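Here's the letter readout for the chains.
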Amino acid sequence: MPAYQRFSEVDVDDLIRNAELRTELEPYFDEAISRIALRQRSLKQENEFLASMLDWETAPIEPIYSWFVPEMRLPSPNSLSDEKVETILYEVIEKLYEQKILLNFTDHLSDRELYAMICRDILPLREKHLKQRKNFIHWDCTQGDTEIWLRYYAADEEREQWAENYEEVLPEKELALHPRDLPQHPF
């Protein structure tokens, strides 16, 4: 078979796209990128990976509230009744999920506290706004507070391991007061 007949039209399109992506990525290449073994992937996988790299490198860093059309500007938690906070909160959680933002460890917070955290900490956060975001941003609503995690969320084995590693007295395990059924990462 002659060499020019070995490639299908799809293969040629993939080769052309690969060259285009590599050209667009050229200004961003450094030693870290050169260590990635791209040739161990199929050409289609390599192109997907290169496209995600290009998306990352060229994505603007914007406040999360600006990712929405129109921008997600929420009323102050202090200006809302408890019922209104609850209604808006679950609408906002769904919209965050649509932008691939998941809220983890929320059950220790009241609806008002969680709403306030979204207004104060999440929406103003400046983050890369990827066009093709495939992975979720996981927001830890314990805000790194180990005591809260140990008290409400850590499994018994995790608590035992923590106590053993850090030789600390653990907080009493408690059930969270505000259990929620929030959107989860689709595994």
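Refer to the structure above for everything that follows.
Heads up: these notes are all about the structure in this document. Given the structure is predicted, the values throughout are model-derived calculations rather than measurements.

Another point: the pattern of salt bridges. Under the counting rule described, the total for this entry stands at nine salt bridges. The partner of E71 in a salt bridge is R73, with the nearest N and O atoms 3.2 Å apart. Owing to a relative accessible area of 55%, R73 belongs among the exposed residues under this scheme. Residue R112 pairs with D82 through a salt bridge whose shortest N-O separation is 2.6 Å. Taken together, the residues span a long stretch of sequence, with R112 in helix 5 (residues 111–122) and D82 in helix 4 (residues 82–98) at a distance of 30 residues. When its relative accessible area of 25% is taken as the criterion, R112 is described as partly exposed. Overlapping salt bridges, with partners in common, bring together R17, E20 and E24 in one network.

A grouping of D156, E157, E158, E160 and E164 is seen on the molecular surface, where their side chains present a negatively charged patch. Secondary-structure assignment places E158 in helix 7 (residues 156–166).

Further remarks concern the layout of surface pockets. Each pocket or cavity is described by its volume, and for the largest pocket that value is around 390 Å³. In this structure, the largest pocket is lined by 15 residues; those nearest its centre are A51, S52, D55, L130 and Q132. It is helix 3 (residues 43–58) that provides the largest number of residues to the lining of the largest pocket, a total of seven residues. Residue composition of the lining of the largest pocket, by class: four nonpolar, four polar and seven charged. Looking at the second largest pocket, its volume works out to about 170 Å³. Lining the second largest pocket we find 13 residues, and of these P70, M72, L74, V92 and K95 sit closest to its centre. Classifying every residue of the lining of the second largest pocket gives seven nonpolar, one polar and five charged.

About the criteria used
- Residues numbered from 1 in each chain as written.
- Predicted model: local features only at pLDDT ≥ 70, side-chain atom pairs only at ≥ 80, totals over all residues.
- Heavy atoms only, no water.
- Salt bridge = Lys/Arg side-chain N within 4 Å of Asp/Glu carboxyl O.
- Buried < 20%, exposed > 50% of the residue type's maximum accessible area, 1.4 Å probe, protein only.
- Helix = DSSP H or I, 4+ residues; strand = E, 2+ residues; numbered from the N terminus.
- Patch = residues over 30% accessible without salt bridge, like charges linked within 9 Å, V, L, I, M, F, W, Y side chains within 5 Å.
- Areas by Shrake-Rupley, 256 points an atom, 1.4 Å probe, with all protein chains shown as cover.
- Lys, Arg positive; Asp, Glu negative; His and termini not counted.
- Charge placed at Lys NZ, Arg CZ, Asp CG, Glu CD.
- 1 Å grid on protein atoms, 1.4 Å probe; cavity = no way out; pocket = protein on both sides within 12 Å on 5 of 7 lines; lining within 4 Å.
- Points joined across faces, edges and corners; volume = space filled by probe spheres on them.
- Nonpolar A, V, L, I, M, F, W, Y, C, P; charged D, E, K, R; others polar.

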